[in-house]
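Chains, contacts and geometry: an overview
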Amino acid sequence: MLSQETLDAYRRMTPGERLAIALEMTQANLPALLEGSPSVVARRFELLRRENDLRNEAIRRAISLTRRRP
């Protein structure tokens, strides 16, 4: 969990600044993601896909609840 100060700092950043941080983090951590046998790497990426799909579905559900229905 991020501190309130960190969240506030991220909110003050431009989208470009947040993207730069995300790209730096990706570049720093990609070697570890690719480490191991092909089956281990495949399982790791499958887990990331599942987690992303669950997160995206939760976001879609939340958005659908906020839409006004005629």
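Below is a summary of the structure that appears in this document. Quick caveat, the model's predicted, so the values are computed rather than measured.

**Focus: the overall build of the chain**
A tally of helices and strands in the chain yields 3 helices and 0 strands. Along its sequence from the N terminus, the chain presents helices and strands in the succession α-α-α. Its C-alpha atoms give the chain a radius of gyration of 17 Å, clearly above 11 Å, the size a compact globule of 70 residues would have. Going through the 70 residues of the chain one by one, you find that 1% of them count as buried. For the chain, the distance from the average position of its 13 positive side-chain charges to the average position of its 9 negative side-chain charges is 9 Å.

**Thoughts on the environment of Phe-45**
Structurally, Phe-45 can be placed in helix 3 (residues 38–66). Along the primary structure Phe-45 and Arg-11 are separated by 34 residues, whereas in three dimensions their C-alpha atoms are 29 Å apart.

**Points about the pattern of salt bridges**
For the structure on display, the rule yields 4 salt bridges. Close ionic contact of Asp-8 with Arg-11 constitutes a salt bridge, the shortest N to O distance being 3.3 Å. Taken as a pair, Asp-8 and Arg-11 lie in helix 1 (residues 4–12) at a separation of 3 residues, close to a single helical turn. Residue classification places Arg-11 among the exposed residues on the basis of a relative accessible area of 57%.

**Concerning helix 2 (residues 15–33)**
When the terminal C-alpha atoms of helix 2 are compared, their 25 Å separation across 19 residues agrees well with the 27 Å that a helix rising 1.5 Å per residue should span. Along helix 2, the sharpest change in direction is near 30° and occurs at Gln-27; proline Pro-31 comes one to four residues later.

Parameters and conventions
- Residues numbered from 1 in each chain as written.
- Predicted model: local features only at pLDDT ≥ 70, side-chain atom pairs only at ≥ 80, totals over all residues.
- Heavy atoms only, no water.
- Helix = DSSP H or I, 4+ residues; strand = E, 2+ residues; numbered from the N terminus.
- Rg over C-alpha atoms; globule rule 2.2 N^0.38 Å.
- Buried < 20%, exposed > 50% of the residue type's maximum accessible area, 1.4 Å probe, protein only.
- Lys, Arg positive; Asp, Glu negative; His and termini not counted.
- Charge placed at Lys NZ, Arg CZ, Asp CG, Glu CD.
- Salt bridge = Lys/Arg side-chain N within 4 Å of Asp/Glu carboxyl O.
- Expected span 1.5 Å × (residues − 1).
- Bend = angle between axes of the 7 residues up to and from the residue.

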